Amino acid sequence: MRETSLLLFLPIAVSAQQRPNIVFIMTDDHTAQMLSAYGNSPIQTPNLDRIAEEGVLFRNSFVANSLSGPSRACLMTGKHSHKNGFTNNEHGIFDGSQQTMPKLMQQAGYQTALIGKWHLVSKPTGFDYYDILPGQGSYYNPTFIHDDGAESRSKGYCTDVITDKAIDWIGNRDKSRPFLLFVHHKACHRDWLPPMKYLREYEDVTFPLPSNFWDCWCDRLAAQQQEMSIASPHDMDIVYDNKIYSKGDSTRLTASYLSMIDRLDESDRREYWAFYDSLSTAFHANPPTGKDLVEFKFQRYMRDYAKVTKSLDDNVGRLMDYLEQQGLLDNTFVVYTSDQGFYMGEHGWFDKRFMYEESLNTPLLMRLPRGYERRGEIDEMVQNIDHAPTFLQMAGADVPVDIQGVSLLPLIQGKKSPRKWRDAIYYHFYEYPAEHMVKRHYGVRTKRYKLIHFYNDIDAWELYDLKKDPMEMHNIYGRPGTERITEKLMDRLQRLQEEYDVRETDR
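To keep things clear, this report deals only with the structure shown in the data block.

How each quantity is defined
- The written sequence of each chain sets the order in which its residues are numbered from 1.
- In keeping with the predicted nature of the model, local features appear solely for residues at pLDDT of at least 70, side-chain atom pairs appear and are counted solely at 80 or more, and the whole-chain, interface and lining totals rest on all residues.
- Excluded from the side-chain calculations are hydrogens and water; all other atoms, namely the structure's heavy atoms, are used.
- Any two strands are treated as partners once DSSP identifies two or more bridges connecting them.
- A run of H or I in DSSP becomes a helix once it reaches four residues, and a run of E becomes a strand once it reaches two; helices and strands are each numbered from the N terminus.
- Lines fitted to C-alpha atoms define the axes here, with helix axes fitted over just the stretch in contact, and angles between the N-to-C directions of these axes take values from 0 to 180 degrees.
- The buried label goes to any residue with under 20% of its type's maximum accessible area, the exposed label to any with over 50%, and the partly exposed label to all in between, with areas taken from a 1.4 Å probe on protein chains only.
- Between N or O atoms, a polar contact is any pair within 3.5 Å; within protein, one atom must be a potential hydrogen donor and the other a potential acceptor, and residues adjacent in sequence are included only when both atoms are from side chains.
- Contacts are residue-level and defined by heavy atoms, with any inter-residue pair within 4.5 Å sufficient.
- Any cysteine sulfur atom paired with another within 2.5 Å is treated as part of a disulfide.
- The term salt bridge refers to a pairing of a side-chain nitrogen on Lys or Arg with a carboxyl oxygen on Asp or Glu at a separation within 4 Å.
- A 1.4 Å probe that fits but cannot get out identifies a cavity on a 1 Å grid over protein atoms alone, an open set with protein on both sides within 12 Å along at least five of seven lines counts as a pocket, and a residue lines either if it has an atom within 4 Å of a point.
- Grid points are joined across faces, edges and corners, and a volume is the space filled by probe spheres set on the points.
- Each residue gets one label: Ala, Val, Leu, Ile, Met, Phe, Trp, Tyr, Cys and Pro are nonpolar, Asp, Glu, Lys and Arg are charged, and the others, such as Gly, are polar.
- What sets the label is the angle itself: under 35 degrees gives roughly parallel, over 145 gives roughly antiparallel, 65 to 115 gives roughly perpendicular, and the rest give oblique.

Pairing within the open sheet is mixed, and its 10 strands lie in the order E7-E6-E5-E4-E8-E1-E9-E10-E2-E11. Each of the sheet's edge strands pairs with one partner strand only, and the pair in question is strand E7 (151-153) and strand E11 (376-378). Mean inter-strand twist for the sheet, computed between neighbouring axes without regard to direction, equals 15 degrees. Relative to strand E10 (residues 364-367), strand E9 (residues 332-338) runs antiparallel, the two being bridged by four bridges.

Right, dumping it as structure tokens:
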């Protein structure tokens, strides 16, 4: 019997008028460490916190593949990467002809719309309306591809523009039917270009270094061979990532950086260069070296990331206020999440990809429609393949048996969690060789332990006791005394691979 069969229940019989609207807000690379509702953020995100305060916050929300495109494919299908066919960004194109959750929601009578980042290469299907960014999109004066195939450039900052478009669509929708709206932001993706109004924000803040910032990656072969280190001039580019540029400087990413700034209107471009030129001049007048240089890069990274996040929080608040003003909020299921987590200096890194906690874990907040009683924190392990069955059951639709996720309704309908829930999650990362050079790997995570297998051009296992070692600094695989737990995790991993129909060719 599939594990999930214990958790599914029959669809709720609801009328069209009773069925809630669904607004799904997804950001790119926004991590729980930079969301104050999670309790350890160095910045405040009051509008995002509002969703948690008025609803629920998931402590153990995980992705199935910590990479933008594959994560989105898992969301849209409710299936792991090997089943939806989109395993990596480098060589993938999403098969839009397959069964997807938006198509099923259309069949259930919902209007469906997607605004913002798509990042699945192929043309979106299953949407009554879409207005998407090409590829990664641009922070400044972004170009959009409309559902009629036409392209146009919008004036303004990308996060503001996406919110404007979402509000406009809600206002002009067919008000006789419930709707499912995907609001997919570019923020907080690299290159962390701030809006003009927050250009100087956080410049007086010194962000604390994570306790494992100077990690030497001992006993972790794949970690030693990655290319996502803040210290490395190749990995974190001083021009592209830290915006330290003087005319004539040239790094591998300088041209990409300058092309993004060229999208600004002339007056904004002058303001931008005036600010960052002053930083560059000070840097070159007394250039830091060694550890001082690494910490300088960290501070610049954190400040720009925080500026982008502040604008994001503003716009989430703007959308929430609009829903409330229109009398829609009480009958709308608002979900906030990111396509994966991100490293904010932990292990000395930025980016994602690894199965370690910072990128495996993703923020998940929900403001529930009327009739759903749960409030506060939820500790059960959930995954991004769970959104599809959740939305379908909330809409009163059947969940196809080939969907691998589990509806989250049992966790939010009552005041307490159900007795039975999943005891482990499965993860698989495929994109290698590629940017950041993280080795292919798969693994299992339980409440306390994590077992990872790095494969392909290396064969290395890692085991972590998350209770004793939450920062995952000590690989205890093969150490005396770990034989029994290793055997149990190997068995649990194999059973998950059998449940999800992971074949040898998928590993």
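This brings us to the side chain of serine 359. Note on placement: serine 359 falls in helix H10 (residues 357-360). Residue classification places serine 359 among the buried residues on the basis of a relative accessible area of 0%. Within the local environment of serine 359, its side chain forms a polar contact with the side chain of tyrosine 343, the two groups lying 2.8 Å apart. When neighbours within four sequence positions are excluded, serine 359 is seen to be in contact with Val63, Ser66, Gln340, Gly341, Phe342, Tyr343, Lys352, Arg353 and Phe354.

This model, assessed by the stated rule, comprises one disulfide. With its sulfur 2.2 Å from that of its partner, cysteine 216 forms a disulfide with cysteine 218. Measuring handedness by torsion sign, the sulfur bridge of cysteine 216 and cysteine 218 sits at about -110 degrees and is left-handed. Here cysteine 216 falls in the partly exposed class, since its relative accessible area comes to 48%. The cysteine cysteine 158 is free of any disulfide, with cysteine 188 supplying the nearest cysteine sulfur at 12 Å. Judged by relative accessible area, which is 1%, cysteine 158 ranks as buried.

This part takes up the pattern of salt bridges. If you walk through the whole model with that rule in mind, you get 43 salt bridges. The closest approach of N and O atoms between lysine 439 and aspartate 457, which form a salt bridge, is 2.9 Å. Here the residue lysine 439 occupies a position in the loop between strand E13 (424-429) and strand E14 (441-446), and aspartate 457 occupies one in the loop between strand E15 (449-454) and strand E16 (460-465), the gap between them amounting to 18 residues. On the basis of relative accessible area, lysine 439 is assigned to the buried category, the value being 3%. Judged by relative accessible area, which is 42%, aspartate 457 ranks as partly exposed. Linking aspartate 465 and arginine 448 is a salt bridge whose minimum nitrogen-to-oxygen distance equals 2.9 Å. Pair noted here: aspartate 465 is in strand E16 and arginine 448 is in the loop between E14 and E15, with a separation of 17 residues, a long-range link.

The next point concerns the sheet that holds E13. Note: strands within a sheet are paired through backbone hydrogen bonds, in either parallel or antiparallel orientation. In spatial order, the strands read E13-E14-E15-E16; together these four strands make up an open sheet with antiparallel pairing. Of all the strands in the sheet, the pair left with one neighbour each is E13 and E16. On average, each strand axis in the sheet is inclined to that of its neighbour by 10 degrees, with strand direction left out of account. Bridge count for E14 against E15 is five bridges, and the pairing is antiparallel. What sits directly across from glycine 443, in E15, is isoleucine 452.

The next point concerns empty space enclosed by the protein. Counting across every chain of the model gives one cavity of 30 Å³ or more. Of the voids in this model, the largest cavity is the one considered here, and its volume is about 70 Å³. When residues of the lining of the largest cavity are traced back to their parent elements, those giving at least two are strand E1 (21-27), strand E3 (61-62), helix H2 (68-77) and E9. The class makeup of the residues in the lining of the largest cavity is four nonpolar, eight polar and one charged.

On to the packing of helix H7 (residues 254-261) against helix H8 (residues 266-285). Remark: H7 packs on H8, axes separated minimally by 10 Å, with the N-to-C direction vectors making an angle of 135 degrees. Taken together, the axes of H7 and H8 lie oblique to each other. Side by side, H7 and H8 meet where Tyr257, Leu258 and Ile261 of the first sit next to Arg269, Tyr272 and Trp273 of the second. In terms of residue class, the contact of H7 with H8 is made up of five nonpolar, no polar and one charged.

Such coordinate-based values are descriptive only and should not be taken to indicate function.
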